[in-house]
Amino acid sequence: MNAATLYGLCGAALVGLGLFGLIVHPQPLRKILAFNLLGSGVFLFFGLVARRGAAAGFGGDPVPQALVITGVVVAFSATALAVALLLRLFQATGSATLRADVPASAGTEPADS
Amino acid sequence: MTMTFAFEIVLAVLLLAIATWSIAARHAFDAVVVFVVYGLLLAIVWVKLSAVDVALTEAAIGSGLTGALLLGAAGRLRAGGAPAAERPGAILRLGAAVLSATIAAALAAGVLFLPDPAPTLAPAVAENAAATSLGNPVTNVLIAFRAMDTMLEKVVLLLALVGVWSLAPDRLWGGRPGPRHQADPRGVLAFFARLLPPVGIVVGIYILWVGADHPGGAFQGGTILAAMWLLVMLAGLTDTPPVSRRSLRLVLIAGPAAFLIVGLGGLWLGDAFLAYPAVYAKPLILAIEFAMTLTIAVTLGLLLAGPPERAEQR
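All values reported here derive from a predicted model rather than from experimental measurement. (Residues numbered from 1 in each chain as written. Chains lettered and ligands numbered in written order. Predicted model: local features only at pLDDT ≥ 70, side-chain atom pairs only at ≥ 80, totals over all residues.)

## Describing the overall build of chain B
What counts, and what does not: Secondary structure follows DSSP: runs of H or I at least 4 residues long count as helices, runs of E at least 2 residues long count as strands, and numbering of each begins at the N terminus. In this scheme the burial state of a residue depends on its C-beta neighbours within 10 Å: 20 or more other such atoms mean buried, 12 or fewer mean exposed, and anything in between means partly exposed; the C-beta positions come from the backbone. Two residues form a contact once the distance between their C-beta atoms, set from the backbone, is within 7 Å.
The helix and strand tally for chain B stands at 11 helices and 2 strands. Along chain B, helices (α) and strands (β) appear in the sequence α-α-α-α-α-α-α-β-α-α-α-α-β when read from the amino end. Once the C-alpha set of chain B is aligned to its principal axes, its extents read approximately 65 × 60 × 35 Å. Buried residues in chain B amount to 39% of all 314 residues. Relative to all contacts within chain B whose residues are 6 or more apart in sequence, the contacts with residues 24 or more apart total 73%.

Pasting the structure below:
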């Protein structure tokens, strides 16, 4: 087994860990974090595929590497939007929970709509 | 077993241990701090995978900016009292563990039985490198061979920002994002906010410039510029700009606009959308990269600042 395969297996474990955290953590912020962990595991697969595709004097196939760079930026955009949604939920209801049975009137600031 | 491989194993075990800690930590704040450490370790893994460009991006965006974003959110949520503890039942946790382990095992099997020899596009990239006279193959792919992805990703960034802004209450629309930060003007933060930006701005532009031939590029350079701007805002030396400001919006669309104009020009003059005429390839690419860096820096900074929270004082 070489180093690239080792990190590929790491990626598989990270996807599992992230998925577990995504399901069992009740707090939305922890879910967002777990989802980022899951995503970084998927990116590691691209790293493995890129490293295996080393040819023509390059240390790795540049195409999957470029895709990961794009992916990291898109993951950050999605995280920023998710965090903004979460903070707005907290601002509007006074609690950051995904449970449906919590009354929405306990907020410090009324909804503006 | 060689010394190098022993290092790889230690790194892999450390990465998994830190990731587990980040999932298992009791408090959200601890989990986020551990996640930042995880991101930096992951950057080392990317270096070991001979992907230095990705390592720079992971350290800057995956660890740095995402960490700052989550830390800010954890701080705000904690200030409002701890969220109600709703631990899921043992059956759900067991089911989740079995499901996650199954998926991880299936993926691991996929990793072990990848096709051999591995498919690669590296020779094709090397063959066409002369067309753009860029020495860094990753920049070549990002800005020329798969320019469409990069252009659409700029649009995704912009859409995310529009999404964040649209969460503002109606009466605050067009106002300034985030709270006005206050810091001791003679304190450490204000001192560094004066000392670092001149250096950081030079480093950011250098990373952009050197990205043509060496690891680096528009994303990494733009992130450093964004970090410098955020530092100055956090130290209270400057305020966040009101989102209704016209010059700000022009900067936000500069990157995608430059891309679109060059792309349509390629359709008109050359063979296809985003086809660069061979003679002007390098100057056109540089123009796109500079516009993109500016847009990335401002968009990332504003994504971190969040939706408008204060009405603009006129």
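## Overview of the overall build of chain A
Regarding its fold elements, chain A presents 3 helices and 0 strands. For chain A, the N- to C-terminal ordering of α and β elements is α-α-α. Within chain A, the fraction of its 113 residues that count as buried is 60%. Considering only residue pairs separated by 6 or more positions, chain A has 43% of its internal contacts joining residues 24 or more positions apart.

## Some remarks on the domain arrangement of chain B
All names here are of chain B. As a reminder, the rule being used: For each domain, the first and last residues come from an automatic or database assignment. Basically, the charged four are Asp, Glu, Lys and Arg, the nonpolar ten are Ala, Val, Leu, Ile, Met, Phe, Trp, Tyr, Cys and Pro, and anything else, Gly included, counts as polar.
Under the domain assignment, chain B is made up of domain 1 (1–76) and domain 2 (136–314). Here domain 1 and domain 2 have C-alpha centroids that lie 24 Å from each other. Counting residues at the interface gives 10 residues for domain 1 and 11 residues for domain 2. Residue classes in the side of domain 1 that touches domain 2 are distributed as 7 nonpolar, 2 polar and 1 charged.

## Here's the deal with the nonpolar core
Across soluble globular proteins, you tend to see nonpolar side chains buried next to one another. As a reminder of what qualifies: Note on terminology: a nonpolar core is any set of buried Ala, Val, Leu, Ile, Met, Phe, Trp, Tyr and Cys residues joined through C-beta atoms within 7 Å.
Of all hydrophobic cores here, the largest spans 122 residues; its most connected members are Leu29, Leu33, Ala80 and Val83 of chain A together with Leu70, Ala73 and Ile288 of chain B. If one sorts the elements of this core by residue count, helix H3 (residues 62–93) of chain A sits on top with 15 residues. Beyond its immediate stretch of four places on either side in the chain, Leu29 of chain A contacts Leu86 of chain A together with Ala28, Leu70, Ala73, Ala74 and Leu77 of chain B.

## What to know about helix H1 (residues 3–24) of chain A
For an α-helix, 3.6 residues make a turn, and residues three or four places apart therefore share a direction. What counts here: Helix span, expected: 1.5 Å multiplied by one less than the number of residues in the helix.
Given a rise of 1.5 Å per residue, 22 residues ought to cover 32 Å, and the 32 Å separating the end C-alpha atoms of H1 of chain A matches this to within 8%. Burial analysis of H1 of chain A places 19 of its 22 residues in the buried class, the great majority of the element.

## Describing the interface of chain A and chain B
Taken together, the contact pairs 71 residues of chain A with 82 residues of chain B. Elements with a minimum of two residues in the side of chain A that touches chain B: H1, helix H2 (28–52) and H3 of chain A. Element by element, the count of residues in the side of chain A that touches chain B is highest for H3 of chain A, at 23 residues.

## What about the environment of Gly71 of chain A?
Its place among the elements puts Gly71 of chain A in helix H3. The spatial distance from the C-alpha of Gly71 of chain A to the C-alpha of Ser40 of chain A is 9.5 Å, given a sequence separation of 31 residues.

## Some thoughts on the packing of H1 of chain A against helix H1 (residues 3–24) of chain B
We apply this condition: In this analysis an axis means a line fitted to C-alpha atoms, helices contributing only their contacting stretch, and an angle means the value between N-to-C directions, from 0 to 180 degrees. Reported orientations rely on four angle classes, namely roughly parallel under 35 degrees, roughly antiparallel over 145, roughly perpendicular from 65 to 115, and oblique for the rest.
Contact geometry of H1 of chain A with H1 of chain B gives a least axis separation of 10 Å together with a crossing angle of 5°. As summarised for this structure, H1 of chain A and H1 of chain B are arranged roughly parallel, according to the angle between their axes. Contact residues: Ala3, Leu6, Tyr7, Cys10, Ala13, Leu14, Leu17, Phe20 and Gly21 of chain A in H1 of chain A; Phe5, Glu8, Ile9, Ala12, Leu15, Leu16, Ala19, Thr20 and Ile23 of chain B in H1 of chain B. By residue class, the composition of the contact of H1 of chain A with H1 of chain B is 15 nonpolar, 2 polar and 1 charged.

## Brief notes about helix H9 (residues 218–234) of chain B
Residues and elements named next belong to chain B. Between its first and last C-alpha atoms H9 spans 24 Å; for 17 residues at 1.5 Å apiece the expected length is 24 Å, and the two agree. Judged by how many residues are buried, H9 sits mostly within the fold: 15 of 17 residues are covered. Residue Gly236 follows H9 closely and has a positive phi angle near 75°.

## Details of unusual backbone geometry
All names here are of chain B. Its identity is not glycine, yet Ser50 carries a phi of approximately 60°, on the positive side. Position of Ser50 among the secondary structure elements: in the loop between helix H2 (28–48) and helix H3 (52–79). The class for Ser50 is partly exposed, based on 17 C-beta atoms found within 10 Å.

## Here's the deal with the confidence of the model for chain B
Rule in force here: Values of pLDDT, which run from 0 to 100, indicate the predictor's confidence residue by residue.
Averaged over every residue, the pLDDT of chain B is 85; residues scoring 70 or more account for 96%. In the predicted assembly, ipTM is 0.88 and pTM is 0.88.

## Notes on the packing of helix H8 (residues 188–210) of chain B against H9 of chain B
Residues and elements named next belong to chain B. Short version of the rule: It is the rotation of the near helix from the far one that decides the hand of a crossing: anticlockwise by less than a right angle makes it left-handed, clockwise makes it right-handed.
Relative orientation of the contacting elements H8 and H9 amounts to 165°, with a least axis distance of 8 Å. Here H8 is positioned roughly antiparallel relative to H9, judged by the angle of their axes. Pair H8 / H9 crosses with left-handed handedness. On the side of H8, the interface is formed by Leu189, Phe192, Ala193, Leu196, Pro197, Gly200, Ile201, Val203, Gly204, Ile205, Ile207 and Leu208, while H9 contributes Ala218, Gln220, Gly221, Ile224, Leu225, Ala227, Met228, Leu231, Val232 and Leu234. When its residues are assigned to classes, the contact of H8 with H9 shows 18 nonpolar, 4 polar and no charged.

## Digging into the environment of Pro241 of chain B
Residues and elements named next belong to chain B. Relative to the assigned elements, Pro241 resides in the loop between H9 and helix H10 (246–269). Taking the number of C-beta atoms within 10 Å as the measure of exposure, Pro241 has 19 and is therefore partly exposed. Once the C-alpha coordinates of Pro241 and Leu302 are considered, the two residues, 61 residues apart in sequence, prove to be 9.1 Å apart. Once residues within four sequence positions are removed from consideration, Pro241 is found in contact with Arg176 and Leu248.

## A short note on the environment of Leu267 of chain B
Residues and elements named next belong to chain B. On the secondary structure map, Leu267 appears in helix H10. Residue classification places Leu267 among the exposed residues on the basis of 12 C-beta atoms within 10 Å. The spatial distance from the C-alpha of Leu267 to the C-alpha of Asn128 is 20 Å, given a sequence separation of 139 residues. Those residues in contact with Leu267, other than ones at most four positions away along the chain, are Ala272 and Phe273.

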